[in-house]
Amino acid sequence: MQHGVPVGRAAGPYFGLLCLDLEPEAKPADIGGVLGELQALGRRLSEGRFWSFVEVDPEGLAVLFGYGAALLSAAGVGVPAGLAAAAFRAPDGGSVLHGAALRWAPQAGANPADCAVAVQLTAASEAAVTRAAVEFDRLLRETGVLGVAAWYPGYRRPDRRSWLGFHDGVANPDPTERLDLLEVTRGAGPGWLAGGTYLGFLRIRVRLDQWDGIDPAKQEQLVGRHLASGAAMEVDPDRPGEYQPAALPVAGDVFARGNEAARDPLPVATGEPSGIGRSHVQRSRRMLTGRIVRQGYEYLEAAPTPPVLRTGLNFVSFQSAPERLTRVLTGPGWLGSAAFGGQDGSLGDLLEVDAAGLYAVPPLREGSCPLPWAT
Amino acid sequence: MPETGSQTVAESWRTVQENVLAELLQHDFRRDESGLRFIRPHAADIAKAVRVPVFWSPVPRRLTDCLGPDGARTLCDWTPRETAGEHFGTMRGGREYHTEYCEYAVVLDAAGRPKRVEITTELREWWLALARCAPDLLRREAAQVLYGDPEDGRVGYPDLYGDLDPLPAGQAERGAAFQRQVAGSELNRPRQAPQGRLNRDHALFMAVPINGLDDLLWILLLGARRFARAAADGSASDRPAPLPWLLLDNPYYRAQPEAMASLAHLYGTQADPAVLRAVQLLAWENRQISADPLAAVLSSDDFALDRLAFPAGAAQRWVRWSRPAAPGLYQRLVIGPGDDEPETLADIQVLDAGGAASPLTGGFQLLELLATGIVLAAGPRGTVGAVPEALRPVRTSIHDPNRNEAAELVPALAAARAGLGAAMAGAAMAGAAMAGADVAGAVPAGPRRMS
């Protein structure tokens, strides 16, 4: 696995996704050389070697390369079947995938994340991420062939809550112990991708103007977690049709040591009368084994016109097959019938997608051919 | 399983469940009844129970891991010609690979074109119980399921019992005849596939041995202990063990290294890890657990119907749920036009996530849109009072659990792609035969779900 896939080590809290497009005059024969230079630069930056005479603390910088359908087609490799079938629709204000309730932002006119190469940068500081991004841009201005099409920065909040105010990333499986959730097996895809993974990315604007007016108790029902403790909501056995926060074994919130078992809530039926079966927590993980490894990085950006402050989430997921992600986004009991949570069709304006991409992330080894499909 | 209105059948079914459970405890768990502290045979015995749906994708994971989605589809949809001679008795093409408690058959029209897909999650043991004690009820039930009319003449005793006249025969004789003709054997070794057409041309109920009642009960029992991570001093910590550890250091099999080694193989399915995880989490909280109903089911709420495009007005006629098990849960789904309609399966389009359409050609595309599973009834926390047990596996994860499967699946796929009959495919899979396994026996020897 490439560094940057969260196996064995946690990704740094600061994030950036650099989307690279092929230049119109790029020739297939030139692709390998540029990918090699990018990979070499990524290794140098991860070691803190910026130029021949400058060494810095890399602050845990991890550089990950994902290859989109555009690059694989241009290189004559062939797009893995799963990747082709899961391609996001072009922005038109409608669903991002057929059957998904999640919609494109009305103003999204293009999708820069549908790119040839995605470079994920994670590190311990914003400076470590951004200086690496600038170095990639410097390199590409020299080499050509690929150019920067978009930059999507973000970070994890230290309080481990999202803009909605609730605990986030609580029930993520540990990929060190569940490697199969994200690793492409030898027979499941092309040989060059074996031992690699798929990266999914969505830049989702979170419209707090649609959220803040909702009663907190209703918010808890929509999310499926207790606002204060983060405990998952469960059906109350003494009062059928009602729900309650699950008891946490130890004091503190759901992230406190000793509360591990309470992080993975039990499934609740979609049609359960309390409505908790349609909460976000339940809709996003309908199957205990159909999981993805999700990373979330918040962002705050300024718009030129009011409302000036725009909040959002960089949704990043790793999975062994693209179908895992598309099932979450399109399954009718999942997020296919509600973009976030609640009754079918509810909260349709809470989330808007500005960009989305899906990339193959092959294992890359130092000294090997920069084109993994050529070895 | 539906209510039949027959007290005899209900009693017989209950007896079957009790016998299977007793046999599992006696042999597979070597009289260790630890799991029975949590697993209750009857859901009605659990007070204040809440329902916990445990669903998984019915797409066979072993196939997708080893062959990719296209290869898995080809193999699952493969229907070898009935010119297979002796091999017809042991192999039925792609259905042998429907190993996630959900099987299907593609019904052909008179011209040999795919007409409908019949999908079932019904347990063979229930039908076997019916066959043993109520031949007339069996005939009516089969006719109702397959043709919508209990008096349909296309289902007769010869279809169900072969040469045996079931009415004067004893229960054991009836059971043996029905197994030979319709149900097939319980185990892979020796494997006896159904010899009659009823459960080959149709999917009347599940007939692949790995989808049995014994397998379902076994996996429930296997996960029903308070499995904890070991603390530094080797004692049980206050944290539940990771899911893979249940298959790497399960106390039931510590004294059987060979069986323990083969447990990891279960991690390579959709169904087993899902059930194990749910039971583990419930047992960790000291809850009582029961399957309610004791059956595999399909969830209509989770069927991605909007991924299918039908001719105008046809959707309501061509999507037929039946055999209800609970609200929103069924054991049978049939998709496709009726015999009185000129269309075929290909008149239905399947839309991928990007919206691209392609014709529906078999059952695999439908598996991708479905969820199958079981529903557990779980009692309140703290009811049981068991203490945590430390697991200390030598390794902490299971890497590519299906990596050894390709050697047997790849030749089978080649045979399917070549459109070969079962006899040719049997030759192609000589390696599997040499290893002492038949086709479904592409699974190594070991405990249940692998037998």
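Cut-off values and rules
- Residues numbered from 1 in each chain as written.
- Chains lettered and ligands numbered in written order.
- Predicted model: local features only at pLDDT ≥ 70, side-chain atom pairs only at ≥ 80, totals over all residues.
- Heavy atoms only, no water.
- Helix = DSSP H or I, 4+ residues; strand = E, 2+ residues; numbered from the N terminus.
- Rg over C-alpha atoms; globule rule 2.2 N^0.38 Å.
- Buried < 20%, exposed > 50% of the residue type's maximum accessible area, 1.4 Å probe, protein only.
- Contact = heavy atoms within 4.5 Å.
- Areas by Shrake-Rupley, 256 points an atom, 1.4 Å probe, with all protein chains shown as cover.
- Lys, Arg positive; Asp, Glu negative; His and termini not counted.
- Charge placed at Lys NZ, Arg CZ, Asp CG, Glu CD.
- Disulfide = S-S within 2.5 Å.
- Pairing = 2+ DSSP bridges.
- Axes fitted to C-alpha atoms, helices over the stretch in contact; angles between N-to-C directions.
- Expected span 1.5 Å × (residues − 1).
- Arc of directions from axis to C-beta.
- Buried area = accessible area lost by both parts, 1.4 Å probe.
- Salt bridge = Lys/Arg side-chain N within 4 Å of Asp/Glu carboxyl O.
- Polar contact = N/O pair within 3.5 Å; in protein donor to acceptor, adjacent residues only side chain to side chain.
- Nonpolar A, V, L, I, M, F, W, Y, C, P; charged D, E, K, R; others polar.
- Patch = residues over 30% accessible without salt bridge, like charges linked within 9 Å, V, L, I, M, F, W, Y side chains within 5 Å.
- pLDDT = per-residue confidence, 0-100.
- Core = buried A, V, L, I, M, F, W, Y, C linked by side-chain atoms within 4.5 Å.

Scanning chain A for helices and strands turns up seven helices and twelve strands. Whereas a compact globule of 375 residues would reach a radius of gyration of roughly 21 Å, chain A reaches 21 Å, a difference of no more than 12%. Reported as C-alpha extents along the three principal axes, the dimensions of chain A are approximately 65 × 50 × 40 Å. Counting only residues that meet the buried cut, chain A has 58% of its 375 residues in that class. Intrachain contacts of chain A at a sequence separation of at least 6 include 73% that bridge at least 24 residues. Accessible area of chain A: about 14200 Å², with a carbon and sulfur share of 53%. Measuring between centres, the 34 positive side-chain charges of chain A sit 3 Å from its 41 negative side-chain charges.

Attention shifts here to the overall build of chain B. A count of helical and extended segments in chain B gives 16 helices and 14 strands. By residue count, 62% of the 451 residues in chain B fall in the buried class. Taking as baseline every contact in chain B between residues at least 6 positions apart, the subset at least 24 positions apart corresponds to 73%. As displayed, chain B has an accessible area near 16400 Å², and 51% of this comes from carbon and sulfur atoms.

This structure, assessed with the given rule, holds zero disulfides over all chains. You can see A:Cys19 has no disulfide; the closest cysteine sulfur is in A:Cys115, sitting 3.9 Å from it. Taking the relative accessible area as the measure of exposure, A:Cys19 reaches 0% and is therefore buried. Here B:Cys66 is not cross-linked by a disulfide; its sulfur's nearest cysteine counterpart is in B:Cys76, at 12 Å.

Here we come to the sheet that holds strand β14 (residues 389-391) of chain B. Residue and element names in this part refer to chain B. If you walk across this open sheet you meet the three strands as β5-β4-β14, and the pairing is mixed. Sheet topology places β5 (236-240) and β14 at the edges, where each strand pairs with a single neighbour. Strand-to-strand twist across the sheet, computed as the mean angle between neighbouring axes with direction ignored, equals 60°. Pairing of strand β4 (residues 227-230) with β5, which is carried by two bridges, proceeds in the antiparallel orientation. From the neighbouring strand, Ala228 faces β5, where its bridge partner is Pro240. Running at roughly 125° to β5, helix α11 (residues 271-284) makes contact with β4 and β5 of the sheet.

Let's shift gears to helix α14 (residues 406-417) of chain B. All names here are of chain B. The terminal C-alpha atoms of α14, which comprises twelve residues, lie 16 Å apart, in line with the 16 Å expected from a rise of 1.5 Å per residue. Listed in full, the buried residues belonging to α14 are Glu408, Leu409, Ala412, Leu413, Ala415 and Ala416. The buried residues of α14 all sit within an arc of 160° when viewed along its axis, so they share a single face. Facing away from the buried side of α14 by more than 90 degrees, the exposed set consists of Ala407 and Arg417. The first or second residue beyond α14 is Gly419, which carries a positive phi of 70°.

Every contact between the two is made by 45 residues of chain A and, on the other side, 57 residues of chain B. Here chain A and chain B share an interface that buries about 3900 Å² over both sides, 53% of which is from carbon and sulfur atoms. Counting the contacts that link chain A with chain B gives eight salt bridges. Note that B:Arg239 is salt-bridged to A:Glu260, the shortest N-O span being 3.5 Å. Inspection of the region where chain A meets chain B yields 19 residue pairs in polar contact (both at pLDDT 80 or more). Secondary structure elements with two or more residues in the side of chain A that touches chain B: α3 (81-85), β8 (233-235) and α7 (322-330) of chain A. Element by element, the count of residues in the side of chain A that touches chain B is highest for α7(A), at three residues. Split into classes, the residues belonging to the side of chain A that touches chain B amount to 20 nonpolar, twelve polar and 13 charged.

Attention now goes to unusual backbone geometry. Residues A:Pro306 and A:Pro307 are joined by a peptide bond in cis, for which omega reads -5°. Tracing the backbone shows A:Pro307 in the loop between β10 (293-302) and β11 (309-319). Here the bond from B:Asp292 into B:Pro293 is cis, since omega is 5°, no more than 30 degrees from zero. By the element assignment, B:Pro293 lies in the loop between β6 (289-291) and β7 (297-299). Positive phi, close to 55°, is recorded for A:Glu59, a residue that is not glycine.

Looking now at the environment of A:Pro173. Of note, A:Pro173 is situated in the loop between β6 (146-155) and β7 (197-206). The contacts of A:Pro173, once residues within four sequence positions are left out, are A:Arg178, A:Leu181, A:Arg291 and A:Ile292.

This part is about the sheet that holds strand β8 (residues 308-309) of chain B. Residues and elements named next belong to chain B. Spatially, three strands are ordered β8-β11-β12 in an open sheet, and the strand pairing comes out antiparallel. Every interior strand has two partners, whereas the edge strands, β8 and β12 (357-359), have only one. Across two bridges, the pairing between β8 and strand β11 (residues 349-351) is antiparallel. Along β11, the bridge assignment pairs Ala309 with Gln349.

Across all of its chains, the model carries 45 salt bridges over all chains by this definition. Residue A:Glu352 is joined to A:Arg205 by a salt bridge in which the shortest nitrogen-to-oxygen separation is 3.6 Å. Note that A:Glu352 is positioned in strand β12 (residues 351-361) and A:Arg205 in strand β7, a separation of 147 residues in sequence. Taking relative accessible area as the criterion, A:Arg205 reaches 10% and is therefore assigned buried. The partner of B:Asp339 in a salt bridge is B:Arg154, with the nearest N and O atoms 4.0 Å apart. Taken together, the residues B:Asp339 in the loop between β10 (329-335) and β11 and B:Arg154 in the loop between α4 (135-147) and α5 (157-161) connect sequence positions 185 residues apart. For B:Asp339, a relative accessible area of 56% gives the class exposed. Taken together, the shared-partner salt bridges in this structure form one network comprising A:Arg205, A:Arg207, A:Asp209 and A:Glu352.

With that settled, the discussion passes to α7(A). Because the α-helix completes a turn every 3.6 residues, residues three or four places apart line up on one side. In terms of burial, α7(A) is a largely internal element, eight of the nine residues being buried. Taken residue by residue, α7(A) has A:Pro322, A:Arg324, A:Leu325, A:Thr326, A:Arg327, A:Val328, A:Leu329 and A:Thr330 as its buried positions. For α7(A), the elements touching its buried residues are α3, β7, β11 and β12 of chain A together with α13 (364-367) of chain B.

Here we take up a nonpolar patch on the surface. On the surface, a cluster of nonpolar side chains totalling about 280 Å² of accessible area is made up of A:Leu300, A:Val308 and A:Leu309. Using a relative accessible area of 60% as the deciding quantity, one classes A:Leu309 as exposed.

This part takes up the confidence of the model for chain B. All names here are of chain B. Predicted confidence across chain B gives a mean pLDDT of 88, with 89% of residues reaching 70 or more. β10 holds the highest mean pLDDT among the elements of chain B, 98, whereas helix α16 (residues 430-434) holds the lowest, 35. Predicted confidence for residues 83-88 stays below pLDDT 50, and this span has seven contacts to residues more than four positions away or in other chains. Low confidence marks residues 421-446, where pLDDT is under 50. Its contacts with residues over four positions away, or in another chain, come to 50 contacts. Taken together, the chains of this predicted complex give a pTM of 0.92 and an interface ipTM of 0.92.

Residues B:Trp127, B:Phe178, B:Leu222 and B:Leu376 are the most contacted members of the largest nonpolar core, which totals 91 residues. Per element, the largest residue contribution to this core is nine residues, and it comes from α11(B). Apart from the residues within four sequence positions on either side, B:Phe178 is in contact with B:Trp127, B:Leu128, B:Ala131, B:Leu138, B:Leu160, B:Tyr161, B:Ala183 and B:Phe205. Core analysis: the second largest hydrophobic core is formed by 70 residues, A:Leu45, A:Tyr67, A:Leu83 and A:Leu164 among them.

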